[in-house]
Amino acid sequence: MHSAPRNKNAARESALRLRDAGLRPTRQRVALADLLFAKGDRHLTAEDLHEEAVSVGVPCSLATVYNTLHQFTEAGMLRVLSLETAKTYFDTNVSDHHHFVVDGSNDVLDIPVGNISISDLPEAPEGMEITHVDVVIRVRPKR
């Protein structure tokens, strides 16, 4: 597989990140991790990442991108966002936080930590515990 030239330090960081997550740092995983994490925290779809990869000369199929994103998610490197949209979004910020979704666009924005308090949650069903609460607030431009 050929890939676009990358910054060697970024490639080393990506390989280390993959190893730390328990994944083998294959050339394709390293290349996709470079693209995913080089721009800081962000929300994107498999199609977005595939388009970025192709545009910088990283040859990979959309199926490979999907598989890699799901492997990264299972390893704790990404979060899948439940946004009730037609597309699945992945979040590079795996900390507990919430989101604004802009109606009519593909924009997903983080809500600053500390701006939401959640109280009076129902008790979890017997034998279960609450592990995470996702708050999604839909917004649109003012008219």
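First, a word on what this report is: a plain description of the structure on this page. Source: prediction; values computed, not measured.

### Let's talk about the overall build of the protein chain
A count of helical and extended segments in the protein chain gives four helices and six strands. Reported as C-alpha extents along the three principal axes, the dimensions of the protein chain are approximately 55 × 45 × 25 Å. Split into buried and exposed, the 143 residues of the protein chain put 33% on the buried side. In the protein chain, the proportion of contacts linking residues at least 24 apart, taken out of those at least 6 apart, comes to 48%. Entry remark: accessible area of the protein chain is about 9,300 Å², with carbon and sulfur atoms responsible for 49%. Of the side chains in the protein chain, 16 bear a positive and 20 a negative charge, and the two mean positions are spaced by 11 Å.

### A look at the environment of Arg138
Position of Arg138 among the secondary structure elements: in strand S6 (residues 136-139). Note on Arg138: relative accessible area 38%, which makes it partly exposed. Separated by 99 residues in sequence, Arg138 and Lys39 place their C-alpha atoms 25 Å apart. When neighbours within four sequence positions are excluded, Arg138 is seen to be in contact with Leu83, Glu84, Val101 and Asp103.

### Comments concerning the packing of helix H2 (residues 27-37) against helix H4 (residues 62-74)
Two elements in contact, H2 and H4, have axes separated by 11 Å at closest approach and are oriented at 75°. Considered as vectors, H2 and H4 are oriented roughly perpendicular to each other. Contacts from Gln28, Arg29, Leu32, Ala33 and Leu36 of H2 reach H4 at Thr64, Val65, Thr68, Leu69, Gln71 and Phe72. Its residues assigned to classes, the contact of H2 with H4 shows six nonpolar, four polar and one charged.

### So, helix H3 (residues 46-55)
Listing the buried residues of H3 in full gives Ala46, Leu49, Glu52 and Ala53. The buried side chains of H3 occupy one side of the element, clustering within an arc of 125° when seen end-on. In H3, those exposed residues whose orientation departs by more than 90 degrees from the buried face are Glu51 and Ser55. Positive phi appears at Gly57, one or two residues downstream of H3, with a value of about 85°.

Analysis parameters
Residues numbered from 1 in each chain as written. Predicted model: local features only at pLDDT ≥ 70, side-chain atom pairs only at ≥ 80, totals over all residues. Heavy atoms only, no water. Helix = DSSP H or I, 4+ residues; strand = E, 2+ residues; numbered from the N terminus. Buried < 20%, exposed > 50% of the residue type's maximum accessible area, 1.4 Å probe, protein only. Contact = heavy atoms within 4.5 Å. Areas by Shrake-Rupley, 256 points an atom, 1.4 Å probe, with all protein chains shown as cover. Lys, Arg positive; Asp, Glu negative; His and termini not counted. Charge placed at Lys NZ, Arg CZ, Asp CG, Glu CD. Axes fitted to C-alpha atoms, helices over the stretch in contact; angles between N-to-C directions. Parallel < 35°, antiparallel > 145°, perpendicular 65-115°, else oblique. Nonpolar A, V, L, I, M, F, W, Y, C, P; charged D, E, K, R; others polar. Arc of directions from axis to C-beta.

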